[in-house]
Amino acid sequence: AAGLVESEDQREGRGRPRKYWRLTPRGHERFPDRHSDLTLDLLQSMRDVFGDDGRERLIAHRERAIVANYRKFVRTQDSLRQKLTALARIRSREGYMASVAEDTRDSFLLVENHCPICAAATACQGLCRSELAVFRAVLGTDVTVERIDHILAGARRCAYRITPRQPR
């Protein structure tokens, strides 16, 4: 009634549609976060001082560090589902509210229901591009990773379809 949340019904197979809830912009205001102001200021300062090339080098450096960290946890898993579960656990600890679901018989969805870096990603699209590259690097060349939902494009979540590549 206060306009802090909104829902969306989605059909997912038989039965009643599932109801999904998300915070409205007014609801987000209840959780003040000044970190985004600092992040946005730093991104702009970085661009002013080092230019676009410097910012891209920094994103690439961050990407390599994240890949190395995630691989420590993911490479010890055997199946694709286990790897994705480990990745979702890491991402959830980072604030992404991540989960794994079966998409089809042979593909999975990695779903992130929150983006803790949304303000930074809005100002610097390279962060989202890098995130997709991280998932591809960590999961390896025997799978295809495709972003199918994107918060910055107006979706309620970011979601990635992970499909094993068929041997040729």
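Treat the numbers as computed from the prediction; the structure is a model and nothing was measured. (Residues numbered from 1 in each chain as written. Predicted model: local features only at pLDDT ≥ 70, side-chain atom pairs only at ≥ 80, totals over all residues. Heavy atoms only, no water.)

**Student:** How should helix α3 (residues 80-93) be read in this particular structure?
**Tutor:** Residue pairs three or four apart in sequence face the same way in an α-helix, which turns once every 3.6 residues. Over its 14 residues, α3 extends 20 Å from the first C-alpha to the last, a length consistent with the 20 Å expected when each residue adds 1.5 Å. Inspection of α3 places Leu 80, Leu 84, Ala 86, Leu 87, Ala 88, Ile 90 and Arg 91 among the buried residues, and these make up the whole buried set. Residues of α3 that are buried in the fold lie against α2 (35-74), β3 (98-102), β4 (108-112), α5 (126-139), β5 (143-149) and β6 (158-164). (Helix = DSSP H or I, 4+ residues; strand = E, 2+ residues; numbered from the N terminus. Expected span 1.5 Å × (residues − 1). Buried < 20%, exposed > 50% of the residue type's maximum accessible area, 1.4 Å probe, protein only. Contact = heavy atoms within 4.5 Å.)

**Student:** Could you clarify how one ought to interpret the packing of aromatic side chains in this entry?
**Tutor:** A ring pair, where both rings are aromatic, is described by two values, the distance of the centres and the angle of the planes. Counted by the stated rule, this structure contains one aromatic pair. Centre to centre, the rings of Phe 135 and Tyr 160 are 4.8 Å apart; their planes meet at 85°, and the pair counts as edge-to-face. One end of the pair, Phe 135, is in helix α5; the other, Tyr 160, is in strand β6, and 25 residues separate them in sequence. Neither Phe 135 nor Tyr 160 differs from the other in exposure class; each is buried. Lying over the aromatic face of Phe 73, Arg 93 brings its terminal NZ or CZ to 5.7 Å of the ring centre. When the ring centre of Tyr 20 is taken as origin, the NZ or CZ atom of Arg 156, which lies over that ring, is 3.9 Å away. (Phe/Tyr/Trp six-rings, centres within 6.5 Å; stacked < 30°, edge-to-face > 60°. Lys NZ or Arg CZ within 6 Å of the ring centre and 35° of its normal.)

**Student:** Looking at this model, I keep getting lost on the sheet that holds β3. Mind explaining?
**Tutor:** The strand order β3-β4-β6-β5 describes an open sheet built from four strands, whose pairing is antiparallel. The open sheet terminates on both sides in strands that have one partner only, identified here as β3 and β5. Ignoring which end each strand starts from, the neighbouring axes of this sheet average 25° apart. Summarising the sheet, β4 and β6 pair through five bridges and their orientation is antiparallel. Within β6, the position partnered with Glu 112 by the bridge is Cys 158. In the packing of α3 onto the sheet, contacts are made with β3, β4, β5 and β6, and the angle to β3 comes to roughly 155°. Contacts from α5 reach β4, β5 and β6, with the element oriented near 150° to β5. (Pairing = 2+ DSSP bridges. Axes fitted to C-alpha atoms, helices over the stretch in contact; angles between N-to-C directions.)

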